[in-house]
Amino acid sequence: AQGISAQIVLHRGGVDSSHSLHLATRQLVPAEMAGDSDKQVTPEVIAQHQKELDSCLADVEAASKKAKEASAQALETAEKCRRIEEETKKMIEQFNTGGNK
């Protein structure tokens, strides 16, 4: 099947994440193509295709925004986990050295 691919690159704190978003389009089978041989490109056909393209691009933009938000949240969560891990290591070290007396 043919499709439209959009490359989404997220930048946050020096970390780049690339994600490909693939939006599938309907592919005509030979029987359907035979019926299209008498169609012509008209301003109406172009307008309809432009409308579909705009809708598709809006979907890509929305997905990009969601991906950026998810990436930011994941980085924030990872930082919280790192801080908790460091605090836990310090507490274990204090416990093992008798620093909790």
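The structure presented is a predicted model; accordingly, all values stated were derived computationally and were not measured. (Residues numbered from 1 in each chain as written. Predicted model: local features only at pLDDT ≥ 70, side-chain atom pairs only at ≥ 80, totals over all residues. Heavy atoms only, no water.)

A. Seen up close, the pattern of salt bridges. Counted by the stated rule, this structure contains four salt bridges. Between E76 and K80 there is a salt bridge whose closest N-O contact spans 3.6 Å. Of the two residues, E76 and K80 are both situated in helix α2 (residues 43–96); the distance of four residues between them amounts to about one turn of the helix. Taking relative accessible area as the criterion, E76 reaches 46% and is therefore assigned partly exposed. Across the pair E79 and R82 runs a salt bridge whose closest N-O atoms are separated by 2.7 Å. In this pair, E79 and R82 are both assigned in helix α2, three residues apart and thus about one turn of the helix distant. Given the relative accessible area of 34%, E79 is considered partly exposed. (Salt bridge = Lys/Arg side-chain N within 4 Å of Asp/Glu carboxyl O. Helix = DSSP H or I, 4+ residues; strand = E, 2+ residues; numbered from the N terminus. Buried < 20%, exposed > 50% of the residue type's maximum accessible area, 1.4 Å probe, protein only.)

B. Local environment of the confidence of the model for the chain. Predicted confidence across the chain gives a mean pLDDT of 76, with 59% of residues reaching 70 or more. Summarising per-element confidence for the chain, the mean pLDDT is lowest in strand β2 (residues 15–24) (43) and highest in α2 (97). Long-range and interchain partners of residues 1–34, a stretch whose pLDDT sits below 50, account for 47 contacts in this model, where long-range means more than four residues apart. (pLDDT = per-residue confidence, 0-100. Contact = heavy atoms within 4.5 Å.)

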